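Each chain is listed here by its residues.
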Amino acid sequence: MIEVEHVSRRFGTFRAVDDISFSIKTGEIVGLLGPNGAGKTTTMRMITGYLEPSAGTIKIDGMNVFTHEVETKRKIGYMPESAPLYSDMIVADYLKYVADVEGVDARKKVPELAEVCGLKEVMHKNIGDLSRGNRQRVGLAHALMGDPEILILDEPTSGLDPNQVSEVRSLIKKIGETRTVIISTHILSEVEMLCNRVIIISNGKKVADSPTEELRSQYNSSDEVQFVIGGADGNSVQSSLSAEKDVLSCTVRQDGSKIVAAVRTGHEESVRASLARLVIKNGWDLYEMNVRKNSLEDVFRTLTTGGAENEN
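Residues numbered from 1 in each chain as written. Predicted model: local features only at pLDDT ≥ 70, side-chain atom pairs only at ≥ 80, totals over all residues. Heavy atoms only, no water.

Student: How would you sum up unusual backbone geometry? Please name residues and give values.
Tutor: Even without a glycine there, the phi angle at H6 is positive, about 50°. Along the chain, H6 turns up in strand β1 (residues 2-11). Judged by relative accessible area, H6 falls into the exposed class, the value being 53%. In the Ramachandran plot, N203 falls in the positive-phi region, its phi being about 55° despite a non-glycine side chain. Secondary-structure assignment places N203 in the loop between β9 (197-202) and β10 (205-211). (Helix = DSSP H or I, 4+ residues; strand = E, 2+ residues; numbered from the N terminus. Buried < 20%, exposed > 50% of the residue type's maximum accessible area, 1.4 Å probe, protein only.)

Shown next as structure tokens:
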């Protein structure tokens, strides 16, 4: 278990992390979210023991990371945003070197990680000649070399093309089946696909900590139903739909000969059904109806731009 208790970090007069607390249980995959400069990377560097907090304590399995440095660091594998690899080394030689440094059996561990991380086809290549996606895989193999209980990944898919992103995400998900994983990123779709819990930091403060699904329903708990309607004018559509029970708001716009109406409602599906019936009852042509659920992006924007009260 990771325990972060009232941790702050200053750089001169600037407070990068401001009194944050959370705990992460063994086996969780947690997304650490925040805008650029929010304090995500600083927080991760403190958890790994690379930076010491200005205040507060960080414990791993009950051990303080700064009074039990060796024991706690053995439990952590860390891959920074730009993994520091030796570009002039062959992949196989590099991984053997890392194994020797960490005191593990390279003859057993290197082939195992080559299989897990999908590196078997590039083991003979120079790291400098690899695609960015394969370099990320080498970085993951490095982070996993000591068989850590905790894997910390900082922007693991930054700069990758869509195919590489998909491959690295699949790899992380597989690794997360047997380890605690913390992913720091600002790519919200990544968190929705990989993480079962989200911690959001804004301006150095923790503003949310919740299971991903619960977070969506906790903030801006409404759905948007979009209608594409023909044979009607915008004013009539807006006044008619706005008057329906449980409609929070309705905006309309002209799209050629059709009206596009965006209706914010509560969660009840009966509201959507009644709106569709109303369109038909008025004799309008219903070309399309789409339901847009609250997304993590909506929540993120609310919490990091001052649109909601901060909650811890």
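Picking up after the structure, the text goes on.
Student: Pulling in residues and values, what's your account of the layout of surface pockets?
Tutor: Considering only enclosed or pocket space, the largest pocket measures out at about 540 Å³ in volume. Lining the largest pocket are 24 residues, and of these I76, G77, Y78, E102 and H142 sit closest to its centre. Listing elements by their share of the lining of the largest pocket, those giving two or more residues are β6 (76-79), α3 (91-102) and α5 (132-144). The class makeup of the residues in the lining of the largest pocket is 14 nonpolar, six polar and four charged. (1 Å grid on protein atoms, 1.4 Å probe; cavity = no way out; pocket = protein on both sides within 12 Å on 5 of 7 lines; lining within 4 Å. Points joined across faces, edges and corners; volume = space filled by probe spheres on them. Nonpolar A, V, L, I, M, F, W, Y, C, P; charged D, E, K, R; others polar.)

Student: Mind laying out the sheet that holds strand β13 (residues 258-265), listing which residues take part and the relevant values?
Tutor: Read from one edge to the other, the open sheet built from four strands follows the order β12-β13-β11-β14, with strand pairing classed as antiparallel. Two strands bound the open sheet, and with one partner strand each, they are β12 (247-255) and β14 (285-292). Along the sheet, successive strands turn relative to each other by an average axial angle of 20°, direction set aside. One ladder, built from seven bridges, connects strand β11 (residues 223-230) with β14; its direction is antiparallel. Across the sheet, residue I229 finds its bridge partner in β14, namely L286. (Pairing = 2+ DSSP bridges. Axes fitted to C-alpha atoms, helices over the stretch in contact; angles between N-to-C directions.)

Student: Can you break down the pattern of salt bridges residue by residue, with the values?
Tutor: Applying the stated criterion across every chain, the model contains 15 salt bridges. For R197, the salt bridge goes to E28, with nearest N and O atoms at 3.0 Å. Of this pair, R197 sits in strand β9 while E28 sits in the loop between β2 (14-24) and β3 (29-33), placing them 169 residues apart in sequence. The same class applies to R197 and to E28, which are both buried. Residues E115 and K120 are paired through a salt bridge, measuring 3.2 Å at the closest nitrogen-oxygen approach. The partly exposed category is assigned to E115, whose relative accessible area is 49%. Given the relative accessible area of 55%, K120 is considered exposed. (Salt bridge = Lys/Arg side-chain N within 4 Å of Asp/Glu carboxyl O.)

Student: Could you give an account of the sheet that holds β6, with specific residues and numbers?
Tutor: Strand order in this open sheet of six strands is β6-β7-β8-β3-β9-β10, and the pairing throughout is mixed. Of all the strands in the sheet, the pair left with one neighbour each is β6 and β10. Adjacent strand axes in the sheet meet at a mean angle of 15°, parallel and antiparallel pairs treated alike. Both β9 and β10 contribute to a ladder of six bridges, which runs antiparallel.

Nothing here speaks to function; it is all geometry.
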